[in-house]
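Results of the structural survey
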Amino acid sequence: MSVSKKIKKALISVFRKDGLAEILVKLHKEGVEFYSTGGTQSFIESLGMFCRSVEELTGYPSILGGRVKTLHPKVFGGILNRRENKEDREQIQQYEIPEIDLVIVDLYPFCETVASGAEEQAVVEKIDIGGISLIRAAAKNFKDVVIVASKNQYAAFDKMLSQQGAYSTIEDRKWFAKEAFAVSSGYDAAIFNYFDAGEGRYFRQTFDHAKILRYGENPHQKGVFYGDFNELFEQLHGKEISYNNLLDIHSAMELMTEFDELTFAILKHNNACGIASRSTVKEAWNAALAGDPVSAFGGVLICNAKIDPDAAGEITKIFFEVIIAPAYDEKALEILEQKKNRIILIQKRNSETNLQVRSLLNGILVQERDLSIQKEEDLKIVTDKAPTKQEIEDLLFANKLVKNTKSNAIVLVKNKQLCASGVGQTSRVDALKQAIEKAKAFHFDLKGAVMASDAFFPFPDCVEIASQAGITAIIQPGGSIKDNLSIEYCNKNNRTMVTTGIRHFKH
C-alpha cells in the first residue's frame, strides 16, 4: 500500500477564484500554511485565513508590471527539492527554503483573449510564464508534490481532501501530474497555433474532452471521441451515442449545412439514402423516405426545421437510430420518446472548424474542408439548350448532395427529391448504373430528372446512359480533355449540361 504524504505548505496563485473557497477552508482546517501573491492572497485573507506573501518569502516585490512574481529559487526550490535526497535537504536548509507540498495554480486566459479578437499586445500579455513554470515544476516532482493546475481538477482534489484529509498517495500525485501536463501541453499548443496563423509548418492540436465509447467501428475495437459534443448538440433522449453514430451525425450535419430551405435527410453509413426539400416537415420526410425506404431502416435522420406532431407521427413508424433537429414541438417529442433507445438531438449550431484531419501511414493528413457551394451564377451552360428554372433548382440541389456523397458518386434528382444515388463505386459508369437500377426499384420516373457527378466525365458513356434513362439535365465540374464528346452528345439529343469548374471528391 502506498505511503501517504501530508500536505503542510501550499502555494496558491490563481486567475479564477470560483470554486476555490471550499478547498481553502478544508486545507485550513487541516493546518496547511498558505503562500500566495496579489489578488489570490487578498482572496485568502478575505476568508479570515492567514497567508504569507511570496514577496516576503523571496525578498523581492512583484516587478515588470506583474510579469515576474514567483520566478525565484525560494519558490522553485521549495517545489523541486527531492525530500529523500540528502544534498537537496541540506541546500534548502542552508538557504531557508520552505518545502512546498501543494501547488494550486491556473493560467492566464490566453485562448479567451484570442477569441475576443484582442490586439496582439493584449494577447501576448496573456501568455503565462510563472504559472506554466509552477505547473511543470510541481508535476515533475510528483513524488513529493501535489499539483492542481486547473479549476477543472478542483472536484477531484476536493474529493481527495474529503476522503483522506491533507494526505496524498503517490497514485494521487501522479494522476494530478498527468492532468497538469495535459493543461500545459494544451496551453502551449494554443500559443503556437496563434503565432503559426494557419501556416501549417507544424501540427499541434489538443482536445480537453475525452468520451470513452462502448467500442469503435466494430465491437472488437476500442473507441474514444475527443471533443466537446455538447457544444454542438444537446441529447434529449436515448441510449449512449456510438462511434458509428458519431460518424453519421457528422455527415448529416455537414450535408444539412448546404440547405437553406426546409429539408429532411436520411443517412446510412455516412451517405444520404433519402433527402427532399418541401414546404412542411411532414412532406419533406415522406419525400425523403420514398427515396429508399429499405436503407432508411436504422438510419440517422436530420431536419433543419422544428419537428411538429404531424411529422413525428409519420417518422415514428420506422426504426431509426438518431434524429437531429433545431427544435421539437412538445407533443412531437412525446411521440418520438416512445422508443427508449432513440437518440434525440437538438443541434445548437454548426461546426466552425475549417480543417479535416485523418490519420494514415505513420502520420496525419490535413486539408481544408470543402466549403465551396455553387450558386446559379456559378453555372456555365455548355450546351445549345439551356436548363429550365426547375432544372436549375434540381441541378443545384443535386450538386450539394453529390458533394456530400462518397466517390465515385452519381446523384439523380427530380423536384428537389433524391431519386437514387450511386455511391463509392470504382467506376463512374457503375455508379450511374447503380443509381438508375435503384431508382427503378423504388418506382421513380426519371423522365425530366437531373444528374450530378462529383467529377468530370472522361468519356461520353455516362451521358449516353443517363439520357437513355430519361435524364434531361446534367451538372458536372468539367475539365476533361474529352468534354466536347459529352457536350456534343447532349446537343444531338436535346439535353442540357452545365459545368461548375469545382470537383467534389469525397474519399
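Here, the structure is the one placed above.
Report on the accompanying structure. (Residues numbered from 1 in each chain as written. Predicted model: local features only at pLDDT ≥ 70, side-chain atom pairs only at ≥ 80, totals over all residues. Heavy atoms only, no water.)

**A word on the packing of aromatic side chains**
In plain terms, the rule: Stacked, edge-to-face and tilted labels apply to pairs of Phe, Tyr and Trp rings (six-membered ring for Trp) whose centres lie within 6.5 Å, assigned for plane angles under 30 degrees, over 60, and everything in between, in that order.
What the rule picks out here adds up to eleven aromatic pairs. An angle of 85 degrees between the planes, with centres 5.0 Å apart, marks the rings of Trp175 and Phe176 as edge-to-face. Ring-pair connections join several aromatic residues into one group, and the members of that group are Phe110, Tyr187, Tyr194 and Phe195.

**A closer look at the nonpolar core**
Filter applied, for reference: We call a set of buried Ala, Val, Leu, Ile, Met, Phe, Trp, Tyr and Cys residues a nonpolar core when their side-chain atoms join them within 4.5 Å. Exposure classes here rest on a 1.4 Å probe applied to the protein chains alone. A residue is buried below 20% of its type maximum, exposed above 50%, and partly exposed in between. Residues count as neighbours in contact if any of their non-hydrogen atoms are within 4.5 Å of one another.
Counting 51 residues, the largest nonpolar core has Phe34, Val103, Ile104, Ile147 and Phe157 as its most contacted members. Here Ile147 is in contact with Val103, Val105, Ile135, Ala138, Ala139, Gln153, Phe176, Ala177 and Ala180, once residues within four sequence places are set aside. If you look at the next biggest cluster of nonpolar residues, it comprises 39 residues, including Ile343, Leu345, Leu396 and Leu418.

**A look at the sheet that holds strand E18 (residues 380-381)**
To keep things clear, this is the line we draw: Here, any two strands with at least 2 DSSP bridges between them count as paired. Helical segments are the DSSP runs of H or I of at least four residues, strand segments are the runs of E of at least two, and each set is numbered from the N terminus. Axis angles are defined between N-to-C directions and span 0 to 180 degrees, where every axis is a line fitted to C-alpha atoms and, for a helix, only to the segment in contact.
The six strands are arranged E18-E23-E22-E21-E19-E20 in an open sheet whose pairing can be described as mixed. The sheet is open, and its two edges are formed by E18 and strand E20 (418-422), each paired on a single side. Two strands pair when backbone bridges link them, and strand E19 (residues 410-413) and strand E21 (residues 450-453) are joined in this way by four bridges, in the antiparallel orientation. Across the sheet, Val413 pairs through a bridge with Val450, a residue of E21. The sheet contacts of helix H16 (residues 428-441) involve E19, E20 and E21, and relative to E20 the element is tilted by about 145 degrees.

**Quick look at the pairing of strand E16 (residues 355-360)**
One ladder, built from six bridges, connects E16 with strand E17 (residues 363-368); its direction is antiparallel. By the bridge assignment, Ser359 is partnered in E17 with Ile364. In sequence, E16 turns back onto E17 through a hairpin of two residues, with Leu361 there showing a positive phi of about 50 degrees.

**Details of the packing of helix H9 (residues 154-164) against helix H10 (residues 170-196)**
The line we're drawing: In what follows, roughly perpendicular refers to angles from 65 to 115 degrees, roughly parallel to angles under 35, roughly antiparallel to angles over 145, and oblique to any angle outside these ranges. Residue classes follow a fixed rule: Ala, Val, Leu, Ile, Met, Phe, Trp, Tyr, Cys and Pro count as nonpolar, while Asp, Glu, Lys and Arg count as charged, and any other residue, Gly among them, counts as polar.
Contact pair H9 / H10: the axes reach a minimum separation of 12 Å and the direction vectors enclose 170 degrees. The pairing of H9 with H10 is recorded here as roughly antiparallel in orientation. Between H9, through Ala156, Phe157, Met160 and Gln164, and H10, the contact on the second element is made entirely by Asp172, Trp175 and Phe176. Here the residues of the contact of H9 with H10 are counted per class, giving five nonpolar, one polar and one charged.

**A few points about the side chain of Gln476**
The line we're drawing: Polar contacts here mean pairs of N or O atoms no more than 3.5 Å apart (in protein, one a potential hydrogen donor and the other a potential acceptor; neighbouring residues in sequence count only if both atoms are side-chain atoms).
You can see Gln476 is positioned in strand E22 (residues 473-476). According to the relative accessible area criterion, Gln476 is buried, its value standing at 2%. A distance of 2.8 Å separates a polar side-chain atom of Gln476 from the backbone nitrogen of Gly478. Setting aside anything within four residues of it in sequence, one finds Gln476 in contact with Ser453, Ala455, Phe456, Phe457, Asp483, Met497, Val498, Thr499 and Thr500.

**Quick look at the sheet that holds strand E15 (residues 343-347)**
Spatial ordering of the open sheet is given by E10-E15-E14-E13-E11-E12, a layout of six strands whose pairing is mixed. The open sheet has two edge strands with one neighbour each: strand E10 (233-237) and strand E12 (271-277). For this sheet the average axis-to-axis angle between neighbouring strands, irrespective of direction, equals 20 degrees. The pairing of E10 with E15 spans four bridges and is antiparallel. Note on E15: the bridge partner recorded for Phe233 is Gln347.

**Describing helix H18 (residues 483-492)**
Where we set the bar: The reported arc concerns the directions from the helix axis to the C-beta atoms and nothing else.
Within H18, the full set of buried residues consists of Asp483, Ser486, Ile487, Tyr489 and Cys490. Buried residues of H18 fall within an arc of 160 degrees about the axis and therefore sit on the same side. Turning to H18, the residues buried within the fold contact helix H17 (461-468), E22 and strand E23 (496-499). After H18 finishes, the residue Asn494 shows a positive phi value of roughly 60 degrees.

**A word on the pattern of salt bridges**
Note the cut-off: Criterion for a salt bridge: a side-chain nitrogen of Lys or Arg within 4 Å of a carboxyl oxygen of Asp or Glu.
Tallied over the full model, the rule gives 24 salt bridges. Where Glu321 meets Lys239, a salt bridge forms, and the shortest distance between an N and an O atom there is 3.2 Å. Of this pair, Glu321 sits in strand E14 (residues 320-325) while Lys239 sits in the loop between E10 and helix H11 (243-256), placing them 82 residues apart in sequence. Residue class for Lys239 comes out partly exposed when judged on its relative accessible area of 26%. A salt bridge links Arg369 to Glu254; the shortest N-O distance between them is 2.8 Å. Within this pair, whereas Arg369 is found in the loop between E17 and E18, its partner Glu254 is found in helix H11, the two being separated by 115 residues in sequence.

**Things to note about the environment of Ile212**
Counting through the fold element by element, Ile212 comes out in strand E8 (residues 210-212). Under the relative-accessibility criterion, Ile212 is labelled exposed at 59%. Considered as a pair, Ile212 and Gly223 are eleven residues apart in the sequence and their alpha carbons are 6.5 Å apart. Those residues in contact with Ile212 that lie beyond four places of it in its chain are Gly223, Val224 and Glu240.

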